[in-house]
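Chains, contacts and geometry: an overview
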Amino acid sequence: MLEINSLIERLRRDFAGLVFEEGEVFMFRPPCEIYYNVNYLGLPCDKIALLTLHEAAHAVLKHKDYDYDIELVRMEAEAWERSKGLCKEYDVEWDEDFVQDRLDSYRDWIHERSLCPVCGVAGWQDEEGFRYRCPMCERVFGAGQ
Ligand SMILES: [Zn+2]
Ligand SMILES: [Zn+2]
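The present account deals with the structure reproduced in this document. Computed from a prediction, not measured in an experiment: that's the story for all the values here. All residue numbers refer to positions counted from 1 along the written sequence of the respective chain. Labels are handed out in written order, letters beginning with A for the chains and numbers beginning with 1 for the ligands. The predicted origin of the model limits local features to residues at a pLDDT of at least 70 and limits the giving and counting of side-chain atom pairs to 80 or more, whereas totals for whole chains, interfaces and linings rest on all residues. The side-chain figures draw on all heavy atoms in the structure; neither hydrogens nor water molecules are used.

So, the environment of Trp-94
Selection rule: Helical segments are the DSSP runs of H or I of at least four residues, strand segments are the runs of E of at least two, and each set is numbered from the N terminus. Throughout, a contact is declared for two residues whenever any of their heavy atoms are within 4.5 Å.
Looking at the secondary structure, you find Trp-94 in the loop between α3 (69-90) and α4 (96-113). Trp-94 sits 56 residues away from Val-38 along the chain, and the two C-alpha atoms are 18 Å apart. Every residue in contact with Trp-94, bar those within four places of it in the chain, is listed here: Leu-50, Trp-80, Ser-83, Lys-84, Cys-87 and Val-99.

Observations regarding the sheet that holds strand β4 (residues 124-125)
Strand pairing in a sheet relies on backbone hydrogen bonds. The paired strands run either parallel or antiparallel. Heads up, the rule is: By definition, two strands form a pair when at least two bridges between them are found by DSSP.
The strand order β4-β5-β6 describes an open sheet built from three strands, whose pairing is antiparallel. Two strands close off the open sheet at either side, each with one partner strand: β4 and β6 (140-141).

Quick notes on the coordination of the zinc ion (ligand 1)
Heads up, the rule is: The donor set covers N, O and S atoms within 2.8 Å of the metal, switching to 3.2 Å for Na, K and Ca, and it leaves out water, so a site may look short of donors. Square planar and octahedral sites, with four and six donors, are those where opposite donors lie more than 155 degrees apart and all other angles lie between 65 and 115, tetrahedral sites have four donors with every angle between 85 and 135 degrees, and the rest are irregular.
At this site the zinc ion (ligand 1) is bound by His-54 (NE2), His-58 (NE2), Glu-76 (OE) and Glu-76 (OE), with donor distances of 2.0 to 2.6 Å. Coordination at the zinc ion (ligand 1) is irregular: its four donor atoms span angles of 54 to 128° at the metal. Going along the chain, you hit the donors of the zinc ion (ligand 1) in the pattern H-x3-H-x17-E. Of this pair, His-54 sits in helix α2 (residues 45-60) while Glu-76 sits in helix α3; the two residues are 22 residues apart in sequence, bridging distant segments of the chain.

With respect to the pattern of salt bridges
Going by this rule: Here, a salt bridge means any Lys or Arg side-chain nitrogen found within 4 Å of an Asp or Glu carboxyl oxygen. Classification of residues uses two cut-offs on accessible area relative to the type maximum, computed with a 1.4 Å probe and protein chains only: under 20% is buried, over 50% is exposed, and between them is partly exposed.
For the structure shown, the criterion picks out six salt bridges. Note that Asp-69 and Arg-113 form a salt bridge whose closest N and O atoms lie 2.8 Å from each other. Taken together, the positions of Asp-69 in helix α3 and Arg-113 in helix α4 put the pair 44 residues apart, joining distant regions of the chain. Owing to a relative accessible area of 1%, Asp-69 belongs among the buried residues under this scheme. Beyond isolated ion pairs, a larger network of salt bridges with shared partners links Asp-46, Lys-47 and Asp-95.

A short note on the coordination of the zinc ion (ligand 2)
Listed as protein donors to the zinc ion (ligand 2) are Cys-116 (SG), Cys-119 (SG), Cys-134 (SG) and Cys-137 (SG); their distances from the metal cover 2.3 Å. What the four donor atoms of the zinc ion (ligand 2) show is an angle range of 105 to 115° at the metal, which sorts the shape as tetrahedral. Of note, the donors binding the zinc ion (ligand 2) are all from one chain and are spaced C-x2-C-x14-C-x2-C. On the accessibility criterion, Cys-119 (33% relative accessible area) is partly exposed.

Observations concerning the sheet that holds strand β1 (residues 19-22)
In plain terms, the rule: Helix axes use the C-alpha atoms of the stretch in contact, all axes being lines fitted to C-alpha atoms, and the angles between their N-to-C directions lie in the range 0 to 180 degrees.
The mixed open sheet is built from three strands, whose spatial order is β1-β3-β2. Edge positions in the sheet fall to β1 and β2 (27-29), since each of these pairs with one other strand and no more. The sheet shows a mean angle of 25° between the axes of neighbouring strands, direction not considered. As paired elements, β1 and strand β3 (residues 33-36) share four bridges and run parallel to each other. Among the inter-strand pairings, Phe-20 is bridged to a residue of β3, identified as Ile-34.

What about the packing of helix α1 (residues 4-14) against α2?
As a reminder, the rule being used: Every angle not falling under 35 degrees, over 145, or within 65 to 115 is termed oblique; those three ranges are roughly parallel, roughly antiparallel and roughly perpendicular. Crossing handedness is defined as follows: a turn of the near helix away from the far one that is anticlockwise and smaller than a right angle gives a left-handed crossing, while the clockwise case is right-handed. Residue type decides the class: Asp, Glu, Lys and Arg count as charged, Ala, Val, Leu, Ile, Met, Phe, Trp, Tyr, Cys and Pro as nonpolar, and the leftover types, Gly among them, as polar.
With their axes 10 Å apart at the nearest point, α1 and α2 run at an angle of 20° to one another. By the angle between their directions, the pair α1 and α2 is classed as roughly parallel. You can see that α1 and α2 cross each other, and the crossing is right-handed. Of the residues in α2, those touching α1 at Ile-4, Leu-7, Ile-8 and Leu-11 are Cys-45, Ile-48, Ala-49, Thr-52 and Leu-53. The residue inventory of the contact of α1 with α2, partitioned by class, reads eight nonpolar, one polar and no charged.

What follows is the structure in structure tokens.
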């Protein structure tokens, strides 16, 4: 079985510019902090490893904070794509279903956020990416980020 702590040690060596810290959830905080949780949702070791590599991929791709929800979805897809390569390098098992589920939950979350509370129609995000506008009733809603 994969030893998660030795994976983290290897990553620390290979990505000297990154800081790996234990946290509640998995998260990349630009430009160089990666949070991981070995007990996350009680997931097995290989999924924890996969999630850790995913966050490392965000860092490798130099992702920044996003302005538009749609950018977030794009960055998620990019990071997973890059994680596939990291999985080969670090001998971590790739799980396509698991990855698709993670991507779907982002898409669902964003779809939900984009719906007008009055009409239930999907709105458009404004130029700053903070709020949505309903194309039916012109209501502005959602706090963004
Ligand atoms: Zn991500
Ligand atoms: Zn509306």
